[in-house]
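# Fold and contact review
Each chain is listed here by its residues.
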Amino acid sequence: MTGRRSRPLTDLRGLKTFMDEDNQKETIVMRGVGVSPGVVIGKAYLFDRLDTQVPLYKLSAPSLIAEEIRRFRSALRESEKQLRELTKRLGDLGGGMEPLYIIDVHIMILRDRKFIDRTIQNIQEKSVNAEWAVRMTIDKYREIFDRMEDDYLRGRISDIQYAGQRIIENLSEKDRAVMETGEGFVIIATDLSPASTAQMKIDRVLGFATDMGGKTSHTAIVARSLEIPAVLGLENITRCVQTNDDIIIDGSAGVVIVRPHPEVSKRYEEKKRLYEKARDDLLDHAKLPAVTKDGYRVEIGGNIEFVEEIPSAIAHGADGIGLYRTEFIYINRKQLPDEEDHLANYRSVVGVTGLSWATIRTFDLGGDKFFPGAKPSRELNPQLGLRAIRFCLKEVELFKVQLRAILRASARGKLRIMFPMISSIEEIREAKRIFYEVKNGLLKTGTPVGNDIEIGVMIEVPSAVIIAEELAKEADFFSIGTNDLIQYVLAIDRINERVTYLYEPLHPAVLSLIKQVVDVGHRAGIRVAMCGEMAGDPTYAMILLGLELDELSMNPLAIPRMKKIVRGATLKESKALLKKVMRLHSSSEIRALVEETMRKRFPDEFQING
Ligand code: PEP
Ligand code: MG
């Protein structure tokens, strides 16, 4: 779930901290959002090192203080050497004297007694690492300079910052070597853009831990497609870790342990072994159909955000793609994608060997996701704002570009298209009208398009449930987006961590709405799928079977476990459980019953003690 707060363990009173006798640095345990499962035990690599991301750690032994001062002095010498070389090079090139004067000023700062003494004093008195001590000194100077009346003098703080940054970079010089020579490492970063992941030697990356990000951020997606553990949204991990620190990432639990005690590492070695064994065992189920013991078959889709995830969807046993979140084509780009950009993506999804169908969801932009060049008007309630289909119907030309590409790709194989956040009959009719207009335009020019494209309505808004009977007349299938449906029916902003405790898929109101959608859909003779996070959570497997959904679409990594449970259950017992659940009135009673049932029925999957 997005937005969980993380704090270093040292801030969390009552929790135990360990002290590693060998390096005397404190262990820190942090909680974030586990976005890609698995355990990794390795060395950290601090990927970005902007001024604001200088690592901070406490030195808890006097011997370390002396070592830190030595590091600082050595970085000073190195910095001066570099500047002198630079002076020489500039001198050889000829040119004006101005740059040379500036470099001279920087050298003077590096030799300045007050600058040096204050930094050493910070190391000694505050017991902090040299990088942080330099930063403290710069901050102090900034305070003094900020008070200066003269604009020119006030601006000279930039020279001190420049010299300080050079020292910090030299302090981390050895860090860079790790990237080149180390055995693989865990990337620690504020956030990772596609450009920064492209810079990495990706085959040596063992895991990710970042300050920012959530389940659908770029880093999460890259981690899942590479199948490496990742925990995001840690808020301040870049402040707590230094390159080469030992680190454990538990992507399943959303936990990161910095500088673990050897005993803790040992326990995690075991957890890693068990996780990998379970994953391999589960993969045996991946290729089998999701059929209950009494013969009820549910189709399994994979949810993807990038076409790069398709091999993973196939390997984990998806029957098809149940949700392709196409808005990711727009995000992280400098320019709007054109029809050919769209087409290149859709061609990689439709008619792929190993997948029987592909469901393309038209883009869900707006709200808090924008495309390049857009100047979004600030909305007070973006989740209730101009997003998804509302946005498409406003920006019809953008919508048509996407529809044309989807239609062109449809000639390659079985394609389903669905529209997000439909809340009225007018919206689906208008979306379909534009769709057919584009289709007829293509047919007129002789462009081949598929002749069995199914049109779906995403059920994500309570009004759509209430008018489901009418919507069913306009659709070939429904796909329930529980992430939004729960948000709107329970009035809980899905990205506001202050109300995540209220986010409850087993709320009786949620279950009743889902049941209504399935019943109405089936009475109308159309398929009903579910593609929100709820569909991939094994705890709900029997409830989802009892509801008789035709398709469950989920993060590919979740598929093998879901299949294993489906294959171990019967439709009969699932319906009996659902019947009992529907008689209960509170989420807590329902949760207790569902969890107890699952633990009893699948003790290996849901361990008795947790
Ligand atoms: C949903 O809302 O459940 C869904 C699948 O769409 P998204 O998470 O992309 O909003
Ligand atoms: Mg949604």
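Before any of the text, the structure's been laid out above.
The sections below set out a description of the structure shown in this document. For clarity, every value in this text was computed on a predicted model and none was experimentally measured.

The rules we used
- Residues numbered from 1 in each chain as written.
- Chains lettered and ligands numbered in written order.
- Predicted model: local features only at pLDDT ≥ 70, side-chain atom pairs only at ≥ 80, totals over all residues.
- Heavy atoms only, no water.
- Donors = N, O, S within 2.8 Å, 3.2 Å for Na, K, Ca; no water.
- Helix = DSSP H or I, 4+ residues; strand = E, 2+ residues; numbered from the N terminus.
- Buried < 20%, exposed > 50% of the residue type's maximum accessible area, 1.4 Å probe, protein only.
- Axes fitted to C-alpha atoms, helices over the stretch in contact; angles between N-to-C directions.
- Parallel < 35°, antiparallel > 145°, perpendicular 65-115°, else oblique.
- Left-handed = near helix turned anticlockwise from the far one by under 90°.
- Contact = heavy atoms within 4.5 Å.
- Nonpolar A, V, L, I, M, F, W, Y, C, P; charged D, E, K, R; others polar.
- Near = heavy atom within 4 Å.
- Polar contact = N/O pair within 3.5 Å; in protein donor to acceptor, adjacent residues only side chain to side chain.
- Areas by Shrake-Rupley, 256 points an atom, 1.4 Å probe, with all protein chains shown as cover.
- Pairing = 2+ DSSP bridges.
- Expected span 1.5 Å × (residues − 1).
- Arc of directions from axis to C-beta.

Let us look at the coordination of the magnesium ion (ligand 2). Surrounding the magnesium ion (ligand 2) are the protein donor atoms E460 (OE) and D484 (OD), at 2.0 Å. Of this pair, E460 sits in the loop between β13 (454-459) and α17 (462-466) while D484 sits in helix α19 (residues 482-489), and the two are 24 residues apart along the sequence. Residue classification places E460 among the buried positions, given a relative accessible area of 3%. Classification of D484 by relative accessible area gives buried; the value is 2%.

Where helix α3 (residues 113-126) contacts helix α4 (residues 130-146), the two axes come as close as 8 Å, and the packing angle between them is 125°. Taken together, α3 and α4 sit at an angle that is classed as oblique. Relative to α4, α3 is oriented so that their crossing is right-handed. Contact with α3, carried on its side by K114, F115, R118, T119, N122, I123 and K126, involves A130, A133, V134, M136, T137, K140 and Y141 of α4 and no other residues of that element. Residue composition of the contact of α3 with α4, grouped by class: seven nonpolar, three polar and four charged.

The next point concerns the environment of I406. Mapped onto the fold, I406 is located in helix α15 (residues 396-409). Classification of I406 as buried rests on a relative accessible area of 1%. With sequence-adjacent residues up to four places away left out, I406 is seen in contact with Y346, I360, T362, L415 and I417.

It is worth spelling out the site of ligand 1 at this point. In the neighbourhood of ligand 1, 13 residues make up the surrounding shell, with R325, R361, E460, N483 and R494 lying closest. At a separation of 2.7 Å, an oxygen atom of ligand 1 approaches a polar side-chain atom of R325. Here an oxygen atom of ligand 1 sits 3.4 Å away from a polar atom, N or O, in the main chain of G481. Relative to its free-state accessible area of 290 Å², ligand 1 is covered by the protein chains to the extent of 98%.

The subject of this paragraph is the sheet that holds strand β10 (residues 320-325). Read around the closed barrel, eight strands run β9-β10-β11-β12-β13-β14-β15-β16, paired in parallel fashion. Strand-to-strand twist across the sheet, computed as the mean angle between neighbouring axes with direction ignored, equals 25°. Those strands touched by helix α20 (residues 508-523) are β13, β14 (477-480) and β15 (527-530), and its axis lies near 155° from that of β15.

This part covers α3. Its 14 residues give α3 an end-to-end C-alpha distance of 19 Å, which sits within 8% of 20 Å, the value for a rise of 1.5 Å per residue. Taken as a whole, α3 has its buried residues at F115, I116, T119, I120, N122 and I123. Down the axis of α3, the buried set is contained in an arc of 150°. They therefore lie on one face. Looking at α3, the residues exposed on the side facing more than 90 degrees away from the buried face are K114 and E125. Two to three positions downstream of the cap, the backbone nitrogen of K114 sits 3.1 Å from a side-chain oxygen, assigning the N-cap of α3 to D112. In the stretch just after α3, S127 is the one whose phi turns positive, near 50°.

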